[in-house]
Amino acid sequence: QVQLVESGGGLEQAGESLRLSCVASGNIFSIKDMGWYRQAPGKQRELVATATNSGSTNYADSVKGRFTISRDNAKNTVYLQMNSLRPEDTAVYYCKVDHVVNTLIWIYWGQGTQVTVSS
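This text gives an overview of the structure that appears in the document. Here the structure is a predicted model, which means the values were calculated and not measured. (Residues numbered from 1 in each chain as written. Predicted model: local features only at pLDDT ≥ 70, side-chain atom pairs only at ≥ 80, totals over all residues. Heavy atoms only, no water.)

Notes on the sheet that holds strand 1 (residues 2-7)
Two modes of strand pairing occur in sheets, parallel and antiparallel, and in both the strands are linked by backbone hydrogen bonds. Test applied: Here, a strand pair is defined by DSSP locating no fewer than two bridges between the strands. Only runs of H or I of at least four residues qualify as helices and only runs of E of at least two qualify as strands under DSSP, and these elements are numbered from the N terminus. To obtain each axis, a line is fitted to C-alpha atoms, and for helices this fit is confined to the stretch in contact; angles are then taken between N-to-C directions over 0 to 180 degrees.
Here four strands make up an open sheet; going across it, the order is 1-3-8-7 and the pairing antiparallel. Strand pairing shows two members of the sheet lacking a second neighbour, strand 1 and strand 7 (67-72), which therefore form its edges. Averaged over neighbouring strand pairs, the angle between their axes works out to 15° when direction is ignored. Here strand 3 (residues 18-26) pairs with strand 8 (residues 77-82) via six bridges, running antiparallel. The residue of strand 8 that forms the bridge with Leu 18 is Met 82.

Some remarks on the pattern of salt bridges
Basically, it comes down to this: The salt bridge criterion pairs a side-chain nitrogen of Lys or Arg with a carboxyl oxygen of Asp or Glu, the two atoms within 4 Å. Partly exposed describes any residue whose relative accessible area lies between the buried limit of under 20% and the exposed limit of over 50%, with all areas from a 1.4 Å probe on protein chains only and scaled to the type maximum.
All chains considered together, the criterion is met by six salt bridges. Its salt-bridge partner being Asp 33, residue Lys 32 comes within 3.7 Å of it at the nearest N-O pair. Overall, the relative accessible area of 34% leaves Lys 32 in the partly exposed class. For Asp 33, a relative accessible area of 22% translates into the label partly exposed. With a closest N to O distance of 3.1 Å, Asp 61 and Lys 64 form a salt bridge.

Notes on the state of the cysteines
In plain terms, the rule: By definition, disulfides here are pairs of cysteine sulfur atoms that lie within 2.5 Å.
A full pass over the atoms with the stated rule returns one disulfide. Through a disulfide, Cys 22 is tied to Cys 95; the S-S separation comes to 2.1 Å. Handedness here is read from the sign of the S-S torsion; for Cys 22 and Cys 95, about -80°, the answer is left-handed. Here Cys 22 is found in strand 3, whereas its partner Cys 95 is found in strand 9 (residues 91-101), with 73 residues between them in sequence. As far as burial versus exposure is concerned, Cys 22 and Cys 95 are alike and both buried.

Considering the environment of Gly 10
Going by this rule: The contact rule is simple, with two residues in contact once any of their heavy atoms fall within 4.5 Å.
One can find Gly 10 in strand 2 (residues 10-13). In this structure Gly 10 comes out as partly exposed when scored by relative accessible area, which is 24%. Each C-alpha atom, one on Gly 10 and one on Pro 41, is 16 Å from the other, the two residues being 31 residues apart in sequence. Look past the residues within four positions of Gly 10 in its chain and what remains in contact with it is Leu 18, Gln 114, Val 115 and Thr 116.

A word on the nonpolar core
So the rule is basically this: Definition used in this section: a nonpolar core is a set of buried Ala, Val, Leu, Ile, Met, Phe, Trp, Tyr and Cys residues joined via side-chain atoms within 4.5 Å.
If you look at the biggest cluster of nonpolar residues, it comprises 29 residues, and the most contacted ones within it are Trp 36, Leu 80, Met 82 and Tyr 93. Taken together, the elements giving at least two residues each to this core come down to strand 1, strand 3, strand 4 (30-39), strand 5 (46-51), strand 7, strand 8, strand 9 and strand 11 (113-118). Sequence-distant contacts of Tyr 93, that is, excluding residues within four places in its chain, are made with Glu 6, Leu 20, Trp 36, Tyr 37, Arg 38, Val 48, Phe 67, Leu 80, Met 82, Gly 112, Thr 113 and Val 115.

So, in structure tokens, the structure goes:
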């Protein structure tokens, strides 16, 4: 079992920055991809950014150039640096981890952290 604990959400004004963190703990064998997703009220959950264990990253077009995902594999932690925040970034942000056990991939989600951006 893997537990994910997110932190760093909050209320910021447009143009400001926030940094989210997600720490994975528990009986960890190997983590493949780590990522951030978000869900705004009345909308479906959407991908924000992902990072593989080899360092490749992927971003939603809406956050490219503003958000940066990074990970510390030794600490089983993934970060999301969010700059130039916009009101449309307001959402609950969820951490997602792909945990590999032998050849099976188990997907874990964090509990979510609220990010609110005021105009």
